[in-house]
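# Results of the structural survey
Listed below, chain by chain, are the residues.
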Amino acid sequence: MGFARACSVALVGVEGVVVEVQADLEPGVAAFTLVGLPDKTLVESRDRVRAAVVNSGASWPQKKLTVGLSPASVPKSGAGFDLAVAAAVLGAAEVVDPGAIADLVLIGELGLDGRVRPVRGVLPAVLAAAEAGYRQVVVPQQCAAEAMLVPDVSVLGVRSLRQLIAVLTDGVVPEEEDPAAGRPDPMLAGLLVPGAGLGTGISRGGGGGGDGGAGGDGPDLPDLADVAGQHAARRALEVAASGGHHLFLSGPPGAGKTMLAERLPWILPPLTRQDSLEVTAVHSVAGILPPGEPLLARPPYCAPHHSATMQSLVGGGAGVPRPGAVSLAHRGVLFLDEAAEFGSKALDALRQPLEAGHVVIARAAGVVRLPARFLMVLAANPCPCGRHTLQGAGCECPASVIRRYQARLSGPLLDRVDLRVEVEPVTRSDLLGHGGRGEATAVVADRVREARDRAAARLDGTPWRLNSEVPGHELRTRWQAGPGALAQAERDMERGLLTARGLDRVLRVAWTVADLRGNERPDALDVAVALELRTGIARGATLAMVAES
């Protein structure tokens, strides 16, 4: 009787569980049994592994073979277990030393010819292996750069099972043919879900984690200077980026709401190392990690269509839940254009992740916790035809229709949005550039970085990083506003214009405005700006701040 074991990783959401792959050979009729709660894709690995072993020059054991995946209570899916199963079988057949693979974590799919194909989720899988104490992993060569992002782990990238056998037996490692120059590698097809990268709007600039905070360095990148007019909206965009505050842009079609939202990710600072690993792990599991970019350094930007379902927004799907748009926008921007056209259930499902920074999805296959700390931007027209706020534009929408249309964005959802801006139509003077171009993305990004540095210095030693994350009672007791600064906000609360949550959010925005202006703590003007941005009631404070800058 022969026995051997190797290790692989099962992904549950974006978290990994180390799975021990055990192979047992017994005398009897040749058969291959796979146990341990595998799904359909994993059951099919029996045929893939058998063909790969034979076509790699090794003999398949003609005995009763049982492969167990432990722990058996964890659901296992995908083809990433193929390499570990093949290694365990070869160890049980004594083709390779069983001791050499006992503490080895192997991840990869096998082709029938023995080639090792890349799989999704390599980064979170290797992170899970490292946390479990494993220090040696074998992955497809195309995923080696992604696996090497995890510190203190030795990574071996292989292109075929033949190469792995040669390494384990101290033989001569055979050379595998690389794809012809100028042609895409067909093995990379396993990394990307077909069509998954289209429409997600993931930021591609700034790869490699450069030290500059400004985006827009390239000629094809969105630049704030291209937005005509919209001084108040541009300032609100800067406040949103500085403090991580959610933003609601309301205005007629063609005013520039989408242009503003598309430029928001480029004024955000680059991701920290830890944030980059979190974002890359989510995108790797989702199958939208671009080849050649093992580490995403820029904040992601996700803009789902208004026909998106609740599951596509918050995550879900058959079997183990997969990341949705809120997780793909983790540490970045989630833009919901034509927000009033989204389903009410889909929008209201965003309320929990907006507060918690994560989403918990319960399904029959298990409970999954997915990261979802994002900056949300809503954009909507004032009425179905979009001309309600335009003078002499001939809006024919009845008042009842306008009320129903605007009520599609529920009060509890809007109560979680810190900034509300009425985007005015662009004038002919602004469009022709008579007033001069606005500030470039790089200039605004520098101010955003400085404001975040002030907030980070103030919040040093606390679990919070941005003003939008600080609880209200901390702002009222530990970091208080200037004398008399909250008088106007308190009056609005007494009149019912502000809720208790709304007052806390006004305080958070006021601290962000103070950081942008370089104040030690918010004064009456900072609070007035925050109130105007929160309630949408014009008080002249934002315009005064724009003139100040």
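Residues numbered from 1 in each chain as written. Predicted model: local features only at pLDDT ≥ 70, side-chain atom pairs only at ≥ 80, totals over all residues. Heavy atoms only, no water.

### A few points about the overall build of the protein chain
- Helix and strand content of the protein chain: 23 helices and 16 strands.
- Put simply, the protein chain has 549 residues, and 52% of those count as buried. (Helix = DSSP H or I, 4+ residues; strand = E, 2+ residues; numbered from the N terminus. Buried < 20%, exposed > 50% of the residue type's maximum accessible area, 1.4 Å probe, protein only.)

### Considerations on the sheet that holds strand S10 (residues 247–250)
- Within the open sheet, the five strands sit side by side as S11-S12-S15-S10-S16. Their pairing is parallel. The strands lining the two open edges of the sheet, one partner per strand, are strand S11 (301–302) and strand S16 (419–422).
- As judged from the two bridges shared by S11 and strand S12 (residues 333–336), these two strands associate in the parallel manner. Considered in S12, the bridge of Cys302 is made with Leu334.
- Contacting S10, strand S15 (375–380) and S16, helix H8 (residues 231–243) crosses the sheet at an angle of about 165° to S16. (Pairing = 2+ DSSP bridges. Contact = heavy atoms within 4.5 Å. Axes fitted to C-alpha atoms, helices over the stretch in contact; angles between N-to-C directions.)

### Side note on the confidence of the model for the protein chain
- Per-residue confidence for the protein chain gives a mean pLDDT of 86, with 88% of residues at or over 70.
- Within the model, the stretch residues 195–217 combines pLDDT values under 50 with 51 contacts to residues more than four positions away or in other chains. (pLDDT = per-residue confidence, 0-100.)

### Concerning the pattern of salt bridges
- Tallying each qualifying case throughout the model produces 28 salt bridges.
- Among the salt bridges present, the one from Arg50 reaches Asp47, with a minimum N-O distance of 3.3 Å. With a gap of three residues between them, Arg50 and Asp47 both fall in helix H2 (residues 45–55), about one helical turn apart.
- Linked through salt bridges whose partners overlap, the residues forming this network are Glu355, Asp415, Arg416, Asp418, Arg501, Arg505 and Arg534. (Salt bridge = Lys/Arg side-chain N within 4 Å of Asp/Glu carboxyl O.)

### Looking at the nonpolar core
- Formed by 44 residues in total, the largest nonpolar core has its most connected members in Leu247, Leu264, Ile267, Val377 and Leu533.
- Trp60, Val74, Val89 and Leu104 belong to the second-largest nonpolar core, a separate cluster that totals 41 residues. (Core = buried A, V, L, I, M, F, W, Y, C linked by side-chain atoms within 4.5 Å.)

### Brief notes about unusual backbone geometry
- Cis rather than trans, the peptide bond between Ser70 and Pro71 has omega equal to 5°.
- For Glu94, which is not glycine, the phi torsion reads 65° and is therefore positive.
- Note on placement: Glu94 falls in the loop between helix H3 (82–92) and helix H4 (98–101).
- Positioned with a positive phi, Asp152 is a non-glycine residue whose angle comes to about 60°.

### Some points on helix H5 (residues 122–131)
- Across the 10 residues that make up H5, a large majority, eight, are buried.
- Residues Val122, Leu123, Pro124, Ala125, Val126, Ala128, Ala129 and Ala130 constitute the buried set of H5.
- Here the buried face of H5 lies against strand S1 (2–12), strand S2 (15–26), strand S5 (105–106), strand S8 (136–140), helix H6 (144–147) and helix H10 (273–286).
- Gly133 sits one or two residues past H5 and shows a positive phi near 100°.

### Observations regarding the packing of helix H18 (residues 441–458) against helix H21 (residues 500–517)
- Contact pair H18 / H21: the axes reach a minimum separation of 8 Å and the direction vectors enclose 115°. In the crossing of H18 with H21, the sense of the turn from one axis to the other is right-handed. Where H18 approaches H21, its residues Arg447, Ala451, Arg454, Ala455 and Arg458 are matched on the opposing element by Trp511, Asp515 and Leu516.
- Of the residues in the contact of H18 with H21, the class split is four nonpolar, no polar and four charged. (Left-handed = near helix turned anticlockwise from the far one by under 90°. Nonpolar A, V, L, I, M, F, W, Y, C, P; charged D, E, K, R; others polar.)

### Overview of the packing of aromatic side chains
- Per the counting criterion, the structure on display carries three aromatic pairs.
- Aromatic pair Tyr301 and Phe335: ring centres 6.4 Å apart, planes at 25°, arrangement stacked. Residue Tyr301 is found in strand S11, and its partner Phe335 is found in strand S12; the two are separated by 34 residues along the sequence. Assigned by exposure class, Tyr301 and Phe335 land together as buried.
- Both rings, one in Trp464 and one in Trp479, keep their centres 6.4 Å apart while their planes meet at 80°; by these two values the pair is edge-to-face. Separated by 15 residues along the polypeptide, Trp464 in the loop between H18 and helix H19 (472–477) and Trp479 in the loop between H19 and helix H20 (487–494) bring together distant segments of the chain. Per residue, the accessibility class of Trp464 equals that of Trp479, and both read buried. (Phe/Tyr/Trp six-rings, centres within 6.5 Å; stacked < 30°, edge-to-face > 60°.)

### Overview of the side chain of Lys76
- Counting through the fold element by element, Lys76 comes out in the loop between strand S4 (64–70) and H3.
- Of the side chains bearing the opposite charge, Asp39 lies closest to the buried Lys76, which forms no salt bridge; the N-O distance is 10 Å.
- At 2.6 Å, the side chain of Lys76 and the backbone oxygen of Pro71 are in polar contact. (Lys, Arg positive; Asp, Glu negative; His and termini not counted. Polar contact = N/O pair within 3.5 Å; in protein donor to acceptor, adjacent residues only side chain to side chain.)

### Brief notes about the environment of Glu44
- Along the chain, the position of Glu44 falls in the loop between helix H1 (40–43) and H2.
- Spatially, the C-alpha atom of Glu44 lies 9.6 Å from that of Leu34, the residues being 10 residues apart in sequence.

### Here's the deal with the side chain of Ser8
- Counting through the fold element by element, Ser8 comes out in strand S1.
- Overall, the relative accessible area of 0% leaves Ser8 in the buried class.
- Of note is the side chain of Ser8, whose polar atom sits 2.9 Å from the backbone oxygen of Leu106.
- The residues contacting Ser8, other than those within four sequence positions of it, are Val17, Val18, Val19, Val21, Gly80, Phe81, Ala84, Val105, Leu106 and Ile107.

### Observations concerning the packing of H21 against helix H22 (residues 524–535)
- Packing of H21 against H22 brings their axes to within 8 Å, and their N-to-C directions diverge by 125°. By the criterion of interaxial angle, the relationship of H21 to H22 is oblique. Handedness of the H21/H22 crossing: right-handed. Contact with H21, carried on its side by Gly502, Arg505, Val506, Val509, Ala510, Val513, Ala514 and Arg517, involves Leu525, Asp526, Val527, Val529, Ala530, Leu531, Leu533 and Arg534 of H22 and no other residues of that element. (Parallel < 35°, antiparallel > 145°, perpendicular 65-115°, else oblique.)

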